[in-house]
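# Working through the structure, step by step
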Amino acid sequence: MKFTVKQAREYRNLTQREAAKQLGIALATYQGYEWGDVEMRIGMAKRFAKMVEIPLDQLIFYSKTS
């Protein structure tokens, strides 16, 4: 099963604020990841995957411009 950033966060019962805090980023930046306004770089994607305990290849990352 593949998960979007939002689905992965919700799967781990995290709020956007909690996810942003655990990743050490601003809430607005995290929201940009979920909404597809900001592209997540590979290093952050790996940290996110570890945080939600879902393999990186099971996550769907996209941007509104792609």
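Residues numbered from 1 in each chain as written. Predicted model: local features only at pLDDT ≥ 70, side-chain atom pairs only at ≥ 80, totals over all residues. Heavy atoms only, no water.

An unreviewed UniProt entry annotates the protein as XRE family transcriptional regulator of Lactobacillus xujianguonis.

Another aspect to go through is the overall build of the protein. The number of helices and strands found in the protein is 4 helices and 2 strands. Across the protein, helices and strands are ordered from the amino to the carboxyl terminus as β-α-α-α-α-β. Counting only residues that meet the buried cut, the protein has 39% of its 66 residues in that class. Taking the contacts inside the protein whose residues are at least 6 apart along the sequence as the reference set, 53% of them involve residues at least 24 apart. Surface summary for the protein: the accessible area is close to 4,400 Å², and the carbon and sulfur share equals 52%. Seen as two clouds, the 11 positive and the 7 negative side-chain charges of the protein have centres 4 Å apart. (Helix = DSSP H or I, 4+ residues; strand = E, 2+ residues; numbered from the N terminus. Buried < 20%, exposed > 50% of the residue type's maximum accessible area, 1.4 Å probe, protein only. Contact = heavy atoms within 4.5 Å. Areas by Shrake-Rupley, 256 points an atom, 1.4 Å probe, with all protein chains shown as cover. Lys, Arg positive; Asp, Glu negative; His and termini not counted. Charge placed at Lys NZ, Arg CZ, Asp CG, Glu CD.)

Grouped together as the largest cluster of nonpolar side chains are 19 residues, with contacts concentrated most on Tyr 30 and Phe 48. Element by element, the count of residues in this core is highest for helix H4 (residues 42-52), at 6 residues. Beyond its immediate sequence surroundings of up to four residues, Tyr 30 is in contact with Val 5, Arg 9, Gln 16, Ala 19, Ala 20, Leu 23, Ile 25 and Phe 48. (Core = buried A, V, L, I, M, F, W, Y, C linked by side-chain atoms within 4.5 Å.)

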